[in-house]
Amino acid sequence: MITAREQMQAAQTFIDQWACLASTLVDDYECHMTCSEAESLAALFRAFGDTFTAEEVMRAHSEKDDEEDEPHEVHVTDSAETA
Ligand SMILES: [Zn+2]
């Protein structure tokens, strides 16, 4: 039986290993994510304290988002601003 602790460890390992790839999927691999896919991926990183990756996922998604009805709230921190 898989314990909650093992599930948390697996999630933490995923967060650690996928932080770089997740933030570059859209830009480097032209990966199209639906709004709910992008939001759930960002939420996972945010839940584990990686707000930078969460913001990068949503920024990249929002730039290529073709669903215009509800724009995403992208919370950009000072350190992530490029202007
Ligand atoms: Zn979207």
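What counts and what doesn't
In every chain, residue numbers begin from 1 and rise along the written sequence. Local features in a predicted model are, by the rule used here, given only for residues with pLDDT of at least 70; side-chain atom pairs are given and counted only at 80 or more, and totals for whole chains, interfaces and linings are based on all residues. Secondary structure is summarised from DSSP: a helix means a run of H or I of at least four residues, a strand means a run of E of at least two, and numbering begins at the N terminus for each. Whether a residue is buried, exposed or partly exposed is read from the other C-beta atoms within 10 Å of its own C-beta, which are placed from the backbone; 20 or more gives buried, 12 or fewer gives exposed, and intermediate counts give partly exposed. Note on terminology: a nonpolar core is any set of buried Ala, Val, Leu, Ile, Met, Phe, Trp, Tyr and Cys residues joined through C-beta atoms within 7 Å. Any two residues are considered in contact once their C-beta atoms, placed from the backbone, lie within 7 Å. Think of each axis as a best-fit line through the C-alpha atoms, taken over the contacting stretch in the case of a helix, with angles from 0 to 180 degrees between the N-to-C directions. Any angle between 65 and 115 degrees counts as roughly perpendicular, while under 35 counts as roughly parallel, over 145 as roughly antiparallel, and the rest as oblique. Side-chain classes are defined by residue name, with Ala, Val, Leu, Ile, Met, Phe, Trp, Tyr, Cys and Pro counting as nonpolar, Asp, Glu, Lys and Arg as charged, and the others, Gly among them, as polar. Under the convention used throughout, the expected extent of a helix is 1.5 Å for every residue step, that is, one less than its residue count. Starting at the helix axis, one direction is taken to each C-beta atom, and the arc is that of these directions.

Peer 1: What exactly am I supposed to notice about the overall build of the protein chain here?
Peer 2: For the protein chain, the count of helices and strands is three helices and zero strands. When its helices and strands are written in sequence order, the protein chain yields α-α-α. Sorting the 83 residues of the protein chain into buried and exposed places 20% on the buried side.

Peer 1: Explain the nonpolar core to me, please; I cannot follow it from the model alone.
Peer 2: Nonpolar side chains in soluble globular proteins generally cluster together in the buried interior. By size, the foremost hydrophobic cluster in this structure holds ten residues: A22, V26, A38, L41, A42, F45, A54, V57, M58 and A60. Breaking this core down by element, the ones donating at least two residues are helix 1 (4-29), helix 2 (35-47) and helix 3 (51-63). With residues near it in sequence (within four places) discarded, V57 still touches A22, S23, A38, L41, A42 and F45.

Peer 1: What's the story with unusual backbone geometry in this structure? I'm lost.
Peer 2: The bulk of non-glycine residues show a negative phi, and the bulk of peptide bonds are trans. With a phi angle near 50°, E30 is a residue other than glycine that sits in the positive phi range. With respect to the element layout, E30 can be found in the loop between helix 1 and helix 2. Taking the C-beta count within 10 Å as the criterion, E30 has 8 such neighbours and is therefore assigned exposed.

Peer 1: I tried to follow the packing of helix 1 against helix 3 on my own but got confused; where do I start?
Peer 2: In a packed pair of helices, the relevant descriptors are the angle between the two axes and the axis-to-axis distance. Two numbers describe how helix 1 lies on helix 3: the axes approach to 8 Å, and their chain directions differ by 10°. As judged from the angle between their axes, helix 1 and helix 3 are roughly parallel. On helix 3, the residues that touch A19, A22, S23, V26 and D27 of helix 1 are T53, E56, V57, A60 and H61. In terms of residue class, the contact of helix 1 with helix 3 is made up of five nonpolar, three polar and two charged.

Peer 1: Looking at this structure, I do not really get helix 2. What am I missing?
Peer 2: Since one α-helical turn is 3.6 residues long, residues separated by three or four positions face the same way. With 13 residues, helix 2 extends 18 Å from end C-alpha to end C-alpha; this agrees with the ideal 18 Å at 1.5 Å per step. Restricting attention to buried positions, one finds in helix 2 the residues A38, L41, A42 and F45. Looking straight down helix 2, one finds that the buried residues subtend no more than 95° of arc, so they occupy a single side. Across helix 2 from its buried face, at more than 90 degrees, point the exposed residues S36, S40 and A47.

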